[in-house]
Structure formats: structure tokens, C-alpha cells
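Given next are the chains, with one letter for each unit.
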Amino acid sequence: MAAIANILGSDYVLNKDGEKVEVKEICKDKVAIGIYFSAHWCPPCRGFTPVLAEFYKANTDKFVCIFVSSDRDDASFKEYFNEMPWYALPFEERGAKKKS
């Protein structure tokens, strides 16, 4: 799981309560790990997010998803993340995606 943390540029992600959780903990025993690059202003993303959410909810025993935002501000990030049932890289760390 160190590879996922390396890709994200962080050992922690946010859960739905806004608390930091360790990447290695949420990824252990999972068959698949999704990194979802998306933004609230992107129409195709907005259309796909509910589809991915349904898949995620049906497969949480095997699959973990981490949202990496391309939103322009923290308020937009929070609003969009609120629609998602998975984890997110903190908004202030979203720049790490450019390093990978």
C-alpha cells in the first residue's frame, strides 16, 4: 500500500467525517483501488460520479476509491465530495497529482 500513498503524495486521506485515515488501513484486503480524478465543474464527471457511487456501494468489501480533486476552491471540493461515498485526498494536497 506504500505505492498508493506514494502516488497520492500522502499517507492519509479523508473519510466522510473529514477525519484523516491511513491509506494502508483503507486499502488492506481490497482487490481493487480506484483513484478518481474529478471536479464539480466537469459535466462528464458529474454524470459518472453517481454510476461509480452505485458500483462502490455494491463492492465496498473488495473495492476502495479515493477522490483526487481538480476543483478550483475548497468550497467546491467539499460540496462535490459530499456527494461521494468514498475517501478523498485533502483538497490542499491535490497538487501532488502533478508529481505522479
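Now for a look at the structure at hand. (Residues numbered from 1 in each chain as written. Predicted model: local features only at pLDDT ≥ 70, side-chain atom pairs only at ≥ 80, totals over all residues. Heavy atoms only, no water.)

### Overview of the overall build of the protein
Here's step 1: From N to C terminus, the protein includes four helices and five strands.
Here's step 2: Each helix and strand of the protein, placed in order from N terminus to C terminus, yields the pattern α-β-β-α-β-α-β-α-β.
Here's step 3: The C-alpha atoms of the protein give a radius of gyration of 13 Å, which matches the 13 Å a tight globule of 100 residues would have.
Here's step 4: Out of the 100 residues in the protein, the part that is buried amounts to 41%.
Here's step 5: Looking at the protein alone, contacts between residues at least 24 apart form 60% of all its contacts between residues at least 6 apart.
Here's step 6: Per element, the accessible surface of the protein, about 5800 Å² overall, is 53% carbon and sulfur.
Here's step 7: With 14 positive and 15 negative side-chain charges, the protein shows a separation of 4 Å between the mean positions of the two kinds. (Helix = DSSP H or I, 4+ residues; strand = E, 2+ residues; numbered from the N terminus. Rg over C-alpha atoms; globule rule 2.2 N^0.38 Å. Buried < 20%, exposed > 50% of the residue type's maximum accessible area, 1.4 Å probe, protein only. Contact = heavy atoms within 4.5 Å. Areas by Shrake-Rupley, 256 points an atom, 1.4 Å probe, with all protein chains shown as cover. Lys, Arg positive; Asp, Glu negative; His and termini not counted. Charge placed at Lys NZ, Arg CZ, Asp CG, Glu CD.)

### Digging into the environment of I7
Here's step 1: Structurally, I7 can be placed in helix α1 (residues 2–8).
Here's step 2: With relative accessibility at 38%, the residue I7 sits in the partly exposed group.
Here's step 3: In this structure, the C-alpha to C-alpha distance between I7 and I35, residues 28 residues apart in sequence, is 9.5 Å.

### A look at the pairing of strand β3 (residues 32–38)
Here's step 1: As defined by bridge partners, β3 adjoins strand β4 (residues 63–69) across seven bridges and the pair is classed as parallel. By the bridge assignment for β4, Y36 is matched with F67. (Pairing = 2+ DSSP bridges.)

### What about the packing of aromatic side chains?
Here's step 1: One pass over the structure, following the stated rule, counts ten aromatic pairs.
Here's step 2: Consider the rings of Y56 and W86, whose centres lie 5.5 Å apart with planes at 80 degrees: the pair is edge-to-face. Of this pair, Y56 sits in helix α3 (residues 43–58) while W86 sits in the loop between α4 (74–81) and β5 (87–88), and the two are 30 residues apart along the sequence. Take Y56 and W86: they sit in the same class, and that class is buried.
Here's step 3: Look at F67 and F81: their rings are 6.4 Å apart centre to centre, the planes differ by 20 degrees, and that puts the pair in the stacked class. (Phe/Tyr/Trp six-rings, centres within 6.5 Å; stacked < 30°, edge-to-face > 60°.)

### Side note on the pairing of β4
Here's step 1: Burial runs high along β4: seven of the seven residues are buried.
Here's step 2: Side-chain alternation along β4 places F63, C65, F67 and S69 on one buried face and V64, I66 and V68 on a second face that is also buried.
Here's step 3: You can see the chain leave β3, run along α3 and come back into β4, and the turn it takes is right-handed.
Here's step 4: As defined by bridge partners, β4 adjoins β5 across two bridges and the pair is classed as parallel. Directly across from F67, in β5, lies its bridge partner A88. (Right-handed = clockwise from strand over helix to strand, strands pointing away.)

Just distances and angles here, no functional claims.
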